Amino acid sequence: MLAAGLEQAVGDADGRPRLSCRIPVARDRVRAHAPDLLAVAGVLRSARQLPSDGLDVVHALLTDGAGPLYLGGPALDEAVEDLQRRLGLR
């Protein structure tokens, strides 16, 4: 589910804006980090054992509507770096 959420965010950033009750992603920020977010999604889909604190960060990134993934939130750079570090990708 977490991987699908990241993939959906990237898809939303690339697609046309549409009316929805969902909080819109920060399209420019998500597009800029799309390769990193999709790489994380790939790791989440792997059979690799992942640290729970990394999974918690992905969950928070996806569910915090005021967070860096969404419109009006803070920069996404630090969140992606923290996420990659916690999942052992850096």
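Residue numbers here run from 1 along each chain, matching the order of that chain's written sequence. With the structure being a predicted model, the display of local features is reserved for residues of pLDDT at least 70 and the display and counting of side-chain atom pairs for 80 or more, all residues being used for whole-chain, interface and lining totals. Derived side-chain values reflect all non-hydrogen atoms in the structure, with water molecules and hydrogen atoms excluded from consideration.

1. Quick look at the pattern of salt bridges
Point 1. For this analysis, a salt bridge means a side-chain nitrogen from Lys or Arg found within 4 Å of a carboxyl oxygen belonging to Asp or Glu. With the rule as written, the count across this model stands at six salt bridges.
Point 2. Through salt bridges with shared partners, one network takes in D53, D82, R85 and R86.

2. Points about the nonpolar core
Point 1. Grouped together as the largest cluster of nonpolar side chains are 24 residues, with contacts concentrated most on L6, V30, L37, V58 and L69.
Point 2. A helix here means a DSSP run of H or I that spans at least four residues, while a strand means a run of E at least two residues long, and both kinds are numbered starting from the N terminus. Broken down by secondary-structure element, the contributors of at least two residues to this core are α1 (2–14), α3 (34–45), α4 (52–63) and α5 (77–86).
Point 3. Sorting elements by how many residues they give to this core places α3 first, with six residues.
Point 4. Contacts are residue-level and defined by heavy atoms, with any inter-residue pair within 4.5 Å sufficient. Every residue in contact with L69, bar those within four places of it in the chain, is listed here: A9, V25, A26, V30, L37, L61, L62 and L76. Put simply, buried Ala, Val, Leu, Ile, Met, Phe, Trp, Tyr and Cys residues joined by side-chain atoms within 4.5 Å make one nonpolar core. Exposure classes here rest on a 1.4 Å probe applied to the protein chains alone. A residue is buried below 20% of its type maximum, exposed above 50%, and partly exposed in between.

3. Describing the packing of α3 against α5
A pair of packed helices is characterised by two quantities: the angle between their axes and the separation of those axes.
Point 1. Where α3 meets α5, the axes come as close as 11 Å, and the angle between the chain directions of the two elements is 30 degrees. Of the possible angle classes, the one that applies to α3 and α5 is roughly parallel. Where α3 crosses over α5, the handedness of that crossing is left-handed. Along its contact with α3, which presents D36, L37 and V40, the element α5 presents V80, L83 and Q84.
Point 2. Tallied by class, the residues present in the contact of α3 with α5 amount to four nonpolar, one polar and one charged. In this description, a line fitted to the C-alpha atoms serves as the axis of each element, helices being fitted only across the stretch in contact, and the angle between N-to-C directions of two axes falls anywhere from 0 to 180 degrees. Working rule for angles: under 35 degrees goes down as roughly parallel, over 145 as roughly antiparallel, 65 to 115 as roughly perpendicular, anything else as oblique. Definitions for this section: a left-handed crossing has its near helix turned counterclockwise from the far helix by less than a right angle. A right-handed crossing has that turn clockwise. In this classification, Asp, Glu, Lys and Arg are treated as charged, Ala, Val, Leu, Ile, Met, Phe, Trp, Tyr, Cys and Pro as nonpolar, and every other residue, Gly included, as polar.

4. Concerning the side chain of H33
Point 1. With respect to the helices, strands and loops of the structure, H33 is situated in the loop between α2 (27–32) and α3.
Point 2. Once you skip the residues sitting within four places of it in the chain, H33 turns out to touch L76, D77 and V80.

5. Describing the environment of D12
Point 1. Here D12 is to be found in helix α1.
Point 2. In this structure, the C-alpha to C-alpha distance between D12 and R27, residues 15 residues apart in sequence, is 7.5 Å.
Point 3. Each residue touching D12, except ones within four places of it in the same chain, is listed here: R18, R22, V25 and R27.
Point 4. There is a polar contact of 2.6 Å between the side chain of D12 and the side chain of Q8. Any pair of nitrogen or oxygen atoms within 3.5 Å is treated as a polar contact; in protein, a donor-acceptor pairing is required on top of that, and neighbouring residues in sequence qualify only through side-chain atoms on both sides.

6. So, α3
Point 1. Expected helix span is computed as 1.5 Å times (number of residues minus one). For α3, with 12 residues, the first-to-last C-alpha span of 16 Å sits near the 16 Å given by 1.5 Å per residue.
Point 2. Taken together, the buried positions of α3 are A34, L37, V40, A41, V43 and L44.
Point 3. Packed against the buried residues of α3 are α1, α2, α4 and α5.

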